[in-house]
Amino acid sequence: MPILKIGILYNTTELPWGGINTFFRNFNKYAKLSEKIDLVENNSKADIILTAGHYRGPGKLIKPMHLRNLTNSRSLCNLLGIFSKKGKKKIVFRLDGLRSNYAGHMSSTDDLLINNLSYADGVIFQSEYSKESFNKFYIPSFYETDIIQNGADTSTFYPNSDPLGFSGGVKLVSNSWSTNSNKGFEIISAFSELNNVTVSHIGRWPDNFPSKKVILLGEKDEKNIAVELRKHHFLLFPSENEACSNTVVEALASGLPVLYHKSGGTIEQCKYERYGIPIPTDNTGNTPNYKDYLIDAVDRYEELLSNIIGNIQHFSFSYCLENYIKYFHKMLKDNS
């Protein structure tokens, strides 16, 4: 197969900046190590341009004129983009979820992304849930679509050589850069009050939720996040309606079964209880029986860990990249 020339419309930062930034940072790193891809700085020379569709870097939006310029092999901010039509250069959107799903409210960036979809030639969803969340919007039938889950940088995120014992109690860790209310902070703090359970939290904690006995570790870079993950038995992940969380895939790559909210793409990431157990819910307003739930999780720990280790390569970004390469080749072949 010929070497793919891929352009990237996203300028990353080394600072914590959410899943889109992490994805493109990993894509750049692993693509540069691959003999199958040539990352081109000049997008006019690219076979395909990969983008998030609405952001071109932290806090920097993609407007329709930018996409019109790219498809016509012009510089991003050329004024001709205001008046011209879409050109022939191929653009692929790698779609996350809609903010209305995972944050509980619509936003201007949702509107921008939906409007920008008409300039895409192909779409990669992160999960079946992500794909379904866009079904109510027009996705042209000629699009090349696929579902490719995220991967983790396994030079940083990898399992302990020996499983942790439970002599020191059950150790749970949560991780969230965002503080929106759908992240499940109330549930995390409820687990911290259980006997013989330690709950640590990486990232930011909102002011309007008492942390109770949660150990707040603060924001950390990827290397130190990975170190903290390997000190714990389970990832506690009560976040709702995630498309395909980097937090989850990094935990799985580190050998942690996931205690998760049964919603969104997390169900798919955990292979319907193969790599984790859904957290119980109670619609009566009472606190669910987390104590018995955690006893069951500990009983199933070795089984869950064995399932994860047996499929550890599936959580690597190298596996994710190989699926992107297959998609790109299929797209170019079908459009030749």
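Residues numbered from 1 in each chain as written. Predicted model: local features only at pLDDT ≥ 70, side-chain atom pairs only at ≥ 80, totals over all residues. Heavy atoms only, no water.

K.L.:
How should I be thinking about the packing of aromatic side chains in this particular structure?
P.N.:
Given two aromatic rings, one states the distance between the centres and the angle between the planes to describe the pair. Summed over all chains, the structure comprises 18 aromatic pairs. With a centroid separation of 4.4 Å and an interplanar angle of 25°, the aromatic rings of Phe191 and Tyr290 are classed as stacked. Placement of Phe191 in helix α6 (residues 185-191) and of Tyr290 in helix α10 (residues 290-299) is noted, with a sequence separation of 99 residues between them. Residues Phe191 and Tyr290 agree in their burial class; the two are buried. Taken together, the ring pairs connect Tyr10, Phe23, Phe24, Phe27, Tyr30, Phe317, Tyr324, Tyr327 and Phe328 into an aromatic cluster. (Phe/Tyr/Trp six-rings, centres within 6.5 Å; stacked < 30°, edge-to-face > 60°. Helix = DSSP H or I, 4+ residues; strand = E, 2+ residues; numbered from the N terminus. Buried < 20%, exposed > 50% of the residue type's maximum accessible area, 1.4 Å probe, protein only.)

K.L.:
For this particular structure, what's the right way to read unusual backbone geometry?
P.N.:
The phi torsion of most residues other than glycine is negative, and most of the peptide bonds are trans. At Ser73, a residue that is not glycine, the phi angle is positive and equals roughly 60°. Inspection of the secondary structure puts Ser73 in the loop between α2 (64-71) and β6 (90-95). We classify Ser73 as partly exposed; its relative accessible area is 38%.

K.L.:
Sorry, what's going on with the side chain of Arg68 here?
P.N.:
Inspection of the secondary structure assignment puts Arg68 in helix α2. No salt bridge is formed by the buried Arg68; the nearest opposite charge belongs to Asp121, separated by 14 Å. Among the polar contacts listed, one links the side chain of Arg68 to the backbone oxygen of Ser84, at a separation of 3.2 Å. Setting aside residues no more than four positions away along its own chain, Arg68 makes contact with Arg74, Gly81, Ile82, Ser84, Lys85, Lys86 and Tyr119. (Lys, Arg positive; Asp, Glu negative; His and termini not counted. Salt bridge = Lys/Arg side-chain N within 4 Å of Asp/Glu carboxyl O. Polar contact = N/O pair within 3.5 Å; in protein donor to acceptor, adjacent residues only side chain to side chain. Contact = heavy atoms within 4.5 Å.)

K.L.:
Would you mind going over the sheet that holds strand β8 (residues 144-147) with me for this structure?
P.N.:
Sheet strands pair via backbone hydrogen bonds, and the direction of the pair is either parallel or antiparallel. Across the sheet, six strands lie side by side as β2-β1-β3-β6-β7-β8; this open sheet has parallel pairing. The open sheet has two edge strands, β2 (37-39) and β8, and neither has a second partner. The average angle at which neighbouring strand axes cross in this sheet is 25°, direction not considered. Pairing geometry for β6 and strand β7 (residues 122-125), over four bridges, is parallel. Within β7, the position partnered with Val92 by the bridge is Gly122. (Pairing = 2+ DSSP bridges. Axes fitted to C-alpha atoms, helices over the stretch in contact; angles between N-to-C directions.)

K.L.:
Help me understand the sheet that holds strand β14 (residues 276-278), please; the structure alone is not making it clear to me.
P.N.:
The six strands are arranged β11-β10-β9-β12-β13-β14 in an open sheet whose pairing can be described as parallel. The open sheet has two edge strands with one neighbour each: β11 (215-218) and β14. Geometrically, the sheet is characterised by an average inter-axis angle of 25° between neighbouring strands, direction not taken into account. Where strand β10 (residues 197-203) meets β11, three bridges bridge the pair, whose relative direction is parallel. Looking across to β11, one finds that His201 is bridged to Leu216.

The values reported here are purely geometric and, on their own, carry no functional implication.
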